[in-house]
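Chain by chain, the residues run as shown.
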Amino acid sequence: MKAKIVLLPGDGIGPEVVAQGEKVLSAVARLWGHQFDFESHAIGGCALDELGEPLPVETLEACQKADAVLLGAVGGPKWDNPQAKKRPEQGLLGLRKALGLYANLRPVTVHPALVNHAPIKADRLFGVDLLLIRELTGGIYFGEKTEGTEHAADVCAYSRKEVERVVRLAADLARKRKGKLTSVDKANVLATSRLWRKTTSEYIETQTVGVELEHQLVDAFAMHLIQTPKRFDVVVTENMFGDILTDEASVLAGSIGLLPSASIGDGTALFEPIHGSAPDLAGRNIANPYGTILSCALLLRHALKLEEEAKAVEDTVWRAINEKVWSKDLVAEGESYFGTEEIGEQVVKWLPQFCPHLIEA
Ligand code: IPM
Ligand code: MN
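Model, not experiment: these values are computed from the prediction. Numbering of residues begins from 1 in every chain and follows the order in which that chain's sequence is written. Here the convention is simple: chains get letters from A, ligands get numbers from 1, in the order in which they are written. The predicted origin of the model limits local features to residues at a pLDDT of at least 70 and limits the giving and counting of side-chain atom pairs to 80 or more, whereas totals for whole chains, interfaces and linings rest on all residues. By convention in this description, side-chain values take in all heavy atoms of the structure and omit both hydrogens and water.

**A few points about the overall build of the chain**
Part 1: In terms of helices and strands, the chain carries 12 helices and 12 strands.
Part 2: By the compact-globule yardstick of 21 Å for 361 residues, the chain fits well, its C-alpha radius of gyration being 20 Å.
Part 3: Each principal axis of the C-alpha distribution contributes one length, and for the chain these read about 55 × 50 × 45 Å.
Part 4: Whether a residue is buried, partly exposed or exposed follows from its accessible area with a 1.4 Å probe, protein chains only, as a fraction of its type maximum: under 20%, in between, or over 50%, in that order. Out of the 361 residues in the chain, the part that is buried amounts to 53%.
Part 5: In the chain, the share of contacts with a sequence separation of at least 24, taken over all contacts with a separation of at least 6, comes to 75%.
Part 6: Here the chain has roughly 15,700 Å² of accessible surface; of this, 53% comes from carbon and sulfur atoms.
Part 7: Where the 39 positive side-chain charges of the chain centre and where its 50 negative ones centre are 4 Å apart. The helix count covers DSSP runs of H or I at least four residues long, the strand count covers runs of E at least two residues long, and both are numbered beginning at the N terminus. Atoms considered for the radius of gyration are the C-alpha atoms alone. The globule rule reads 2.2 Å times the number of residues to the power 0.38. By the convention used here, residues are in contact when the closest approach between their heavy atoms is within 4.5 Å. For the area figures, the Shrake-Rupley method with a 1.4 Å probe applies, and any residue is considered shielded solely by the protein chains shown. Counting rule for charge: Lys and Arg are taken as positive, Asp and Glu as negative, and neither His nor the chain ends is counted. Each charge is placed at NZ for Lys, CZ for Arg, CG for Asp and CD for Glu.

**Comments concerning the pairing of strand 8 (residues 180–185)**
Part 1: Most of strand 8 sits out of view: five of its six residues are buried.
Part 2: Sheet topology note: the strand 8/strand 10 (residues 234–237) ladder contains four bridges and is parallel. When the bridges of strand 10 are listed, Val184 appears paired with Thr237. Note on pairing: DSSP must find at least two bridges between two strands before they are called paired.

**Remarks on the sheet that holds strand 12 (residues 270–271)**
Part 1: The strand order across the open sheet built from 10 strands is 2-1-3-12-11-4-5-10-8-9, with neighbouring strands paired in mixed fashion. The strands lining the two open edges of the sheet, one partner per strand, are strand 2 (35–40) and strand 9 (212–217).
Part 2: With six bridges joining them, strand 8 and strand 9 adopt parallel strand pairing. Following the sheet pairing, Leu181 is matched in strand 9 by Leu213.
Part 3: Packed on one face of the sheet, helix 1 (residues 14–32) meets strand 1 (2–10), strand 2 and strand 3 (68–73) and runs near 165° to strand 1.
Part 4: Axis lines are fitted to C-alpha atoms, over the contacting stretch for helices. Their N-to-C directions set the angle, which ranges from 0 to 180 degrees. Across the sheet, helix 8 (residues 239–253) lies against strand 4 (103–109), strand 5 (129–135), strand 8 and strand 10, angled at about 160° from strand 5, the strand it touches most.

**What to know about the side chain of Glu16**
Part 1: Within the element layout of this structure, Glu16 appears in helix 1.
Part 2: Polar contact is defined as a pair of N or O atoms within 3.5 Å, subject to the rule that within protein one atom must be able to donate a hydrogen and the other to accept it, and that residues adjacent in sequence are counted only when both atoms are side-chain atoms. Of note is the side chain of Glu16, whose polar atom sits 3.2 Å from the backbone nitrogen of Asn285.
Part 3: Setting aside its immediate chain neighbours within four residues, Glu16 contacts Leu281, Ala282, Gly283, Arg284, Asn285, Ile286 and Thr340.

**Some thoughts on unusual backbone geometry**
Part 1: Its identity is not glycine, yet Asn285 carries a phi of approximately 55°, on the positive side.
Part 2: Following the sequence through the fold, Asn285 ends up in the loop between strand 12 and helix 9 (290–303).
Part 3: Given a relative accessible area of 26%, Asn285 falls into the partly exposed group.
Part 4: Positioned with a positive phi, Lys305 is a non-glycine residue whose angle comes to about 55°.

**Structural notes on the domain arrangement of the chain**
Part 1: Start and end points for every domain follow an automatic or database-based domain assignment. By the assigned domains, the chain splits into domain 1 (1–106 + 256–361) and domain 2 (119–253).
Part 2: Taking the mean C-alpha position of each, domain 1 and domain 2 sit 24 Å from one another.
Part 3: In this complex, domain 1 contributes 16 residues to the contact, which on the side of domain 2 involves 19 residues.
Part 4: By buried area we mean how much accessible surface two parts lose on assembly, using a 1.4 Å probe and totalling the loss over both. The junction of domain 1 with domain 2 conceals about 1,700 Å² of combined surface from both sides, 65% of it contributed by carbon and sulfur atoms.
Part 5: Of all residues in domain 1, Lys97, Tyr102 and Arg106 give up the largest surface area on contact with domain 2, accounting jointly for 40% of the area buried on that side.
Part 6: Any Lys or Arg side-chain nitrogen located within 4 Å of an Asp or Glu carboxyl oxygen qualifies as a salt bridge. Linking domain 1 with domain 2 are zero salt bridges, by the criterion used here.
Part 7: One can count five residue pairs in polar contact (both at pLDDT 80 or more) joining domain 1 with domain 2.
Part 8: Of all the elements in the fold, those that place two or more residues in the side of domain 1 that touches domain 2 are helix 4 (88–98), strand 4 and strand 11 (262–264).

**Digging into the nonpolar core**
Part 1: Counting residues in hydrophobic clusters, the biggest one holds 88 residues, and the most contacted among them are Phe36, Leu105, Ile133, Tyr290 and Leu300.
Part 2: Three or more residues apiece are contributed to this core by two domains, here domain 1 (1–106 + 256–361) and domain 2 (119–253).
Part 3: Beyond its immediate sequence surroundings of up to four residues, Phe36 is in contact with Met1, Ala3, Ile5, Leu25, Val28, Ala29, Leu300, Leu304 and Leu306.
Part 4: The nonpolar core is taken to be a set of buried Ala, Val, Leu, Ile, Met, Phe, Trp, Tyr and Cys residues, with the residues joined through side-chain atoms within 4.5 Å. By size, the runner-up hydrophobic cluster in this structure holds 16 residues, among which are Ala62, Leu71, Leu95 and Leu270.

**Examining the site of ligand 1**
Part 1: Here a residue counts as near a molecule or strand whenever at least one of its heavy atoms sits within 4 Å of it. Within the structure, ligand 1 sits among Glu89, Arg96, Arg106, Arg134, Tyr141 and Asp243.
Part 2: A distance of 2.7 Å is found between an oxygen atom of ligand 1 and a side-chain nitrogen or oxygen belonging to Arg96.
Part 3: Measuring from an oxygen atom of ligand 1, one finds a side-chain N or O atom of Asp243 at 2.9 Å.
Part 4: Alone, ligand 1 offers 320 Å² of accessible surface; in the complex the protein occludes 79% of this.
Part 5: Think of it as three bins: nonpolar holds Ala, Val, Leu, Ile, Met, Phe, Trp, Tyr, Cys and Pro, charged holds Asp, Glu, Lys and Arg, and polar takes everything else, Gly as well. Residues of the shell around ligand 1, tallied by class, amount to one nonpolar, no polar and five charged.
Part 6: Taken domain by domain, the shell around ligand 1 gets at least three of its residues from each of domain 1 (1–106 + 256–361) and domain 2 (119–253).

Next up, the structure:
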């Protein structure tokens, strides 16, 4: 197949991890006979520096025309001035909104070789397989803001339609998995959460079969997520709760650097690791590229419908982690590790072993 993929490396370690993603996608194209055309564009802090906008028009237009977008990370202390009118993060938020990407899928699995990496007892981690779904274009992130020196406010708003479309997607995905859906809110305090809960219950009762729904309050869920992570399957929640809970969930996996994400909705889908720009690690070849490489697998699966290729990338990463091809964040202080580029190269080297037509030949 032919596909146009826009790369948005962004800031900090973004360019280094996206380079590994590009390597892996190019290898997939070579091995399976696809043609992927890559185009790189500026977003975030580097776009502010170069073009004066965190989301330049040409970047947005390129994404709209593409089949998929792969993003690294945005932001950094260089642009942290509280007086600044424009921030790198607005680039990413603006892109999600403009592309109508209302659902952010963040799968969390624990590799058995890494169970001792988390500050949680190993027996609670074996077999963790979660899919957290974060609403991505509504809530407090996008409500009206008032910002003064003595008073500030962020409005949190949701419409029934916004809740229903993300719940529909979550229910569809839950049905293909274990059929368990947990909806997380703060319905004992927030009006938006009460609408969220009512809409979710009604949708599941009237529109779905084979999905068992449970509601949890966000504070209790934050605790259960690390106490008994195995009892959850698919979790759906609003924008800010989802941002916070997925960073928490990454602790189960052993490092935030391992986790990928897919943002899907009306327009071109966007794929990015869940970690940030980690400016202190930038330019040192020590960033963990697995989150980005696994985001490429999600890109192959969700945007290009190439399941075999997606699975091959995931299996290759699984093997690399199993054989201790570990980045600096995964080893103890003073132990040797693989660099960002070396990990990308190792994945490319082993990928053919997971390519069915090459194995049969
Ligand atoms: C994420 C990030 C972003 C968010 C920031 C960079 C705006 O933390 O993708 O999780 O809060 O959504
Ligand atoms: Mn986040």
